[in-house]
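Breakdown of the fold
Chain by chain, the residues run as shown.
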Amino acid sequence: MIEMRGICKTYRVRRREAGLGHAVRSLFAQDYTDIPALRDMTFTIPDGQILGYIGPNGAGKSTTIKILCGILRPDSGMCTVNGMTPWADRKKHVARLGVVFGQRSQLWWDVPVMESYLLLRDIYRVPGPDFRGNLDRLTALLDLGDLLKTPARMLSLGQRMRCEIAAALLHGPQVLFLDEPTIGLDAVSKLQVRQFILEQNRLCGTTVLLTTHDMQDIDALCSRVLLIGKGQLLLDGDTAQIRKSAGENLSTEESVADLYRRFGI
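Summarised in this report is the structure supplied together with it. This one's a predicted model, so the numbers in the text were calculated from it and none came from an experiment. (Residues numbered from 1 in each chain as written. Predicted model: local features only at pLDDT ≥ 70, side-chain atom pairs only at ≥ 80, totals over all residues. Heavy atoms only, no water.)

Next up on the list: the overall build of the protein. The helix and strand tally for the protein stands at 10 helices and nine strands. Relative to the 2.2 N^0.38 estimate, which gives 18 Å for 265 residues, the radius of gyration of the protein is 20 Å and therefore close to what a compact globule would have. For the protein, the spread of C-alpha atoms along the three principal axes comes to 55 × 50 × 35 Å. Taking all 265 residues of the protein together, the buried fraction comes to 48%. Of the contacts made within the protein by residues no fewer than 6 positions apart, 70% connect residues no fewer than 24 positions apart. Within the structure as shown, the protein displays about 13,100 Å² of accessible surface, and the carbon and sulfur contribution to it stands at 50%. Counting 33 positive and 29 negative side-chain charges, the protein places the averaged centre of each group 6 Å from the other. (Helix = DSSP H or I, 4+ residues; strand = E, 2+ residues; numbered from the N terminus. Rg over C-alpha atoms; globule rule 2.2 N^0.38 Å. Buried < 20%, exposed > 50% of the residue type's maximum accessible area, 1.4 Å probe, protein only. Contact = heavy atoms within 4.5 Å. Areas by Shrake-Rupley, 256 points an atom, 1.4 Å probe, with all protein chains shown as cover. Lys, Arg positive; Asp, Glu negative; His and termini not counted. Charge placed at Lys NZ, Arg CZ, Asp CG, Glu CD.)

Shown next, in the form of structure tokens:
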């Protein structure tokens, strides 16, 4: 189970005007602005649920995932993932966690994908039989095949994303965080990724937290949705409730923009 209670996080950002004079002055007098990223964030995700986490850019979605991963420490509040505090028990925590950031890669750029997988096996200390079983299952479900012999730099975006998702699951995590996993993918690749997420959840009971700007992902995958804006949780409900707030066709950009406008974000 994933639980957040009263989580707050504020970033302190340095500001200055452009120009040489302002650059020199900033050496002696620095101007900072506090930007609240999360304000009293509270929610619970039961085991085995696929949860959609939506909101405009800068709403706090990636900050939430980074706290849940243990990358960031909040200013205040309580957070547990499977009974562990992410930033306090980070080594043990990440061994049970899979993470995919749509715009960042965990594959080594110039070596075949399989070489990256073998390195990840050693990093996570996955026993040989478990690694082989997970690899065979993921290869079949994601149709990796010859991609395992191809350097990551030579893969298309859709091929690389399938390999990234497999890399996040080789050690058999209980929880999977997906931060915009379908960004930039074509229609066929999006369908493949969505189908795999559903199969992974059905076969292994993996808990999935999905952030996306593509509402078709939400329609296809999620039974429950959280809407966040300006660091605050604005709506927690099932897809039908979100659809009622957005209008009949949730998957259009206009309806999503209207949903954000209704909540003043």
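The subject of this paragraph is the nonpolar core. Counting 45 residues, the largest nonpolar core has Ile54, Tyr117, Leu144, Cys163 and Ile165 as the members making the most contacts within it. Examining the composition of this core, we find that seven residues originate from one element, helix α6 (residues 157-169), more than from any other. Each residue touching Cys163, except ones within four places of it in the same chain, is listed here: Leu107, Val113, Tyr117, Leu144, Leu147 and Leu155. Counting 26 residues, the second largest nonpolar core, distinct from the first, contains Met4, Leu38, Ile67 and Val99. (Core = buried A, V, L, I, M, F, W, Y, C linked by side-chain atoms within 4.5 Å.)

Time to look at the environment of Thr182. Looking at the secondary structure, you find Thr182 in the loop between β6 (175-179) and α7 (187-204). In this structure the C-alpha to C-alpha distance between Thr182 and Gly158, which are 24 residues apart in sequence, comes to 8.3 Å. In this view, Thr182 contacts Lys190, Val193, Thr212, Asp214 and Asp217; residues no more than four positions away in its chain are not counted.

So, about unusual backbone geometry. Unlike most non-glycine residues, Asp143 shows phi in positive territory, near 55 degrees. Examined against the element boundaries, Asp143 turns out to sit in the loop between α5 (128-142) and α6. Residues other than glycine seldom take positive phi values, yet Glu180 does so here, at roughly 55 degrees. For Glu180, the position within the fold is in the loop between β6 and α7.

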